[in-house]
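Here is what each chain is made of, one letter per residue.
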Amino acid sequence: MDLDAFRALFTPEGQRLLADLAARDVSDRTVLALSQSLRRQHSADLVAAAITQTRLRAHARTKFGADAVRMYFTPAGLEQATGGAVAALHAARYAAIGGEIADLCCGIGGDFRALAAAHDLLAVDRDPLTAAVAAANVAALDLTPRVTVRCDDATTVDLTRYAAAFLDPARRTDARRVFDVADYQPPWSFIAALAERIGNLGVKVAPGIPHDIIAPEAEAEWVSVAGDVKEAGLWFGALRSGVRRRATLLPSGATLTAATMTTAPPPVAPPRRYLYEPDGAVIRAHLVAEVATRIGGTLLDPTIAYITTDTAAPTPFARRYILTDALPFNLKHLRAYVREHGIGRVVVKKRGSPLDPDTLRRDLRLSGDGDERTLFLTRVAGVHTVLIGIPDRG
């Protein structure tokens, strides 16, 4: 979808077509025939833009809830946009900030949607189509008194009048995800200088950001939603909460922190009655040791993020399993084991193992008629091991 096609959606014809499509089935099963039918009445570009927008709105419900039906998106913009729960978490950091905020690299507006609840904002994006979509969302969400959208380069915007900024640098190049911070746009050098220049700054970064490049004056927060790690954020100035590392789990809001960037590792011991699989945000934040300390647990291996205990300990930061067996890994022996124990289905998890879970499932030749077990492919004291367990629902 190009800028001209997007603008056509705001003509009376385009708005009528969007309203008509809102009540239609635009699934893969029907979209070709529907497109061909609509092209008898409308231009091909308008039909394509309207169908794309309708399908994007349907996909956007998981991120934006009821607002999705009146918002506007691009495919890349929706994929990269901050979802509602995470945006609310961001906005809470700015609650005590007085004055205007600059939302740099604003995308389609996932964050300004939450930030505008309490602040006036300048939202900036250098891509003309993305900026047009953001402006359309300002109008659609009745945020015009609060938010001004500008198509501009975030690196050249005058921030003198702003009390704080939020920056979401682009982490994709030619539709490929960028993992090296040096390839962010704006680049990492700009981000470091911006933190010094404006003081109160939040930066959305990839969860895999190396800990050793995080500035000593920043708080780093890793966020997961329903167990899926969504992002990391760096917080500077008054946006910090006084800790160095944080893992936040949504929707519960459970949060785990550490005052320093390093923690002494917990002791290592053989598998016991229970195994705990820490949440991904806990692992990314290097807070596994803090969970182990809280529940009186030990690690199975000094380099693997699995915790084991003798007694069941409640924690929101890890999923608990009851272990029924632990075997040195041997495919022939494991195949015999699952057959003898009537196991027909398995969930395979791995950490520190070179084995492919899908290949293992095929190689086990399961019937599907027996009980289900979870297989953990891992290392125990350096030895490749398979742990067998069931989720503890208690």
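Residues numbered from 1 in each chain as written. Predicted model: local features only at pLDDT ≥ 70, side-chain atom pairs only at ≥ 80, totals over all residues. Heavy atoms only, no water.

J.: I would appreciate a short explanation of the overall build of the protein in the present structure.
T.: Counting its secondary structure elements, the protein contains 13 helices and 18 strands. Counting only C-alpha atoms, the protein reaches 70 × 55 × 35 Å along its principal axes. Within the span of the protein, comprising 394 residues, buried residues form 51% of the whole. The contacts of the protein with a sequence gap of at least 6 include a subset with a gap of at least 24, amounting to 68%. Within the structure as shown, the protein displays about 18,400 Å² of accessible surface, and the carbon and sulfur contribution to it stands at 52%. Across the protein, the 47 positively charged side chains and the 44 negatively charged ones have centroids separated by 5 Å. (Helix = DSSP H or I, 4+ residues; strand = E, 2+ residues; numbered from the N terminus. Buried < 20%, exposed > 50% of the residue type's maximum accessible area, 1.4 Å probe, protein only. Contact = heavy atoms within 4.5 Å. Areas by Shrake-Rupley, 256 points an atom, 1.4 Å probe, with all protein chains shown as cover. Lys, Arg positive; Asp, Glu negative; His and termini not counted. Charge placed at Lys NZ, Arg CZ, Asp CG, Glu CD.)

J.: Could you clarify how one ought to interpret the packing of aromatic side chains in this entry?
T.: Two aromatic rings are characterised by how far apart their centres lie and by the angle between their planes. This structure, assessed with the given rule, holds 9 aromatic pairs. Considering the side-chain rings of Phe-10 and Tyr-72, the 4.8 Å spacing of their centres and the 40° angle between planes classify their relative orientation as tilted. Residue Phe-10 is located in the loop between α1 (3-8) and α2 (12-21), and its partner Tyr-72 is located in the loop between α4 (44-64) and α5 (75-80); the two are separated by 62 residues in the primary sequence. Here the aromatic rings of Phe-64 and Phe-73 are separated by 5.7 Å at their centres, their planes lie at 35°, and the arrangement is tilted. In textbook terms, an aromatic cluster arises when at least three aromatic residues are bridged by ring pairs, as seen for Phe-6, Phe-10 and Tyr-72. Over the aromatic face of Tyr-72 sits the side chain of Arg-57, whose NZ or CZ is 4.7 Å from the ring centroid. Residue placement shows Arg-273 over the ring face of Tyr-274; its charged tip is 5.9 Å from the ring centre. (Phe/Tyr/Trp six-rings, centres within 6.5 Å; stacked < 30°, edge-to-face > 60°. Lys NZ or Arg CZ within 6 Å of the ring centre and 35° of its normal.)

J.: Would you mind going over the sheet that holds strand β16 (residues 343-350) with me for this structure?
T.: Two pairing modes exist for strands in a sheet, parallel and antiparallel, and in both the strands are linked by backbone hydrogen bonds. Overall, mixed pairing links the 7 strands, which are arranged β13-β14-β12-β15-β18-β17-β16 in an open sheet. Unpaired on one side and paired on the other, β13 (298-299) and β16 mark the two borders of the sheet. Sheet topology note: the β16/strand β17 (residues 371-380) ladder contains 7 bridges and is parallel. Paired with Ile-343 across the bridge in β17 is Asp-371. (Pairing = 2+ DSSP bridges.)

J.: Whenever I open this one, the packing of α2 against α4 confuses me. Can you help?
T.: How two helices pack is summed up by the angle between their axes together with the distance between the axes. Where α2 contacts α4, the two axes come as close as 10 Å, and the packing angle between them is 45°. Relative to α4, the element α2 is oriented oblique. Crossing of α2 over α4 shows right-handed handedness. Of the residues in α4, those touching α2 at Glu-13, Gly-14, Leu-17, Leu-18 and Leu-21 are Leu-46, Val-47, Ala-50, Ile-51, Gln-53, Thr-54 and Arg-57. (Axes fitted to C-alpha atoms, helices over the stretch in contact; angles between N-to-C directions. Parallel < 35°, antiparallel > 145°, perpendicular 65-115°, else oblique. Left-handed = near helix turned anticlockwise from the far one by under 90°.)

J.: How do you make sense of α2 when you look at a structure like this?
T.: Since the α-helix turns once every 3.6 residues, residues separated by three or four places project in the same direction. Looking only at α2, the buried set comprises Gly-14, Leu-17, Leu-18 and Leu-21. The buried residues of α2 occupy an angular sector of 100° when the element is viewed end-on, so they sit on one face. Exposed positions of α2 whose direction lies more than 90 degrees from the buried face are Pro-12, Arg-16 and Ala-19. Where α2 is buried, its residues meet α1, α3 (31-38) and α4. (Arc of directions from axis to C-beta.)

J.: Before we go on, may I ask you to explain the environment of Gln-15 in this structure?
T.: Structurally, Gln-15 can be placed in helix α2. Considered as a pair, Gln-15 and Ala-289 are 274 residues apart in the sequence and their alpha carbons are 55 Å apart. Once residues lying within four places of it in the same chain are set aside, the contact partners of Gln-15 are Leu-9, Phe-10 and Tyr-72.

J.: So what exactly am I meant to see when it comes to the packing of helix α12 (residues 331-340) against helix α13 (residues 357-364) here?
T.: Remark: α12 packs on α13, axes separated minimally by 10 Å, with the N-to-C direction vectors making an angle of 60°. In terms of their interaxial angle, α12 and α13 are classed as oblique. Our pair here, α12 against α13, has a crossing hand that is right-handed. Seen from α12, the contacting residues are Leu-331, Leu-334 and Arg-335; seen from α13, they are Leu-360, Asp-363 and Leu-364. In terms of residue class, the contact of α12 with α13 is made up of 4 nonpolar, no polar and 2 charged. (Nonpolar A, V, L, I, M, F, W, Y, C, P; charged D, E, K, R; others polar.)

J.: Is there a simple way to think about the pattern of salt bridges in this case?
T.: Close approach of charged atoms allows side chains with opposite charge to pair. In the structure shown here, the tally under the stated rule is 22 salt bridges. Among the salt bridges present, the one from Asp-301 reaches Arg-379, with a minimum N-O distance of 4.0 Å. Of this pair, Asp-301 sits in the loop between β13 and β14 (307-309) while Arg-379 sits in strand β17, placing them 78 residues apart in sequence. The exposure class assigned to Asp-301 is buried, which follows from its relative accessible area of 4%. Linked by salt bridges that have partners in common, Asp-67, Arg-70, Arg-113 and Asp-142 make up one network. (Salt bridge = Lys/Arg side-chain N within 4 Å of Asp/Glu carboxyl O.)

None of this, on its own, says anything about what the molecule does.
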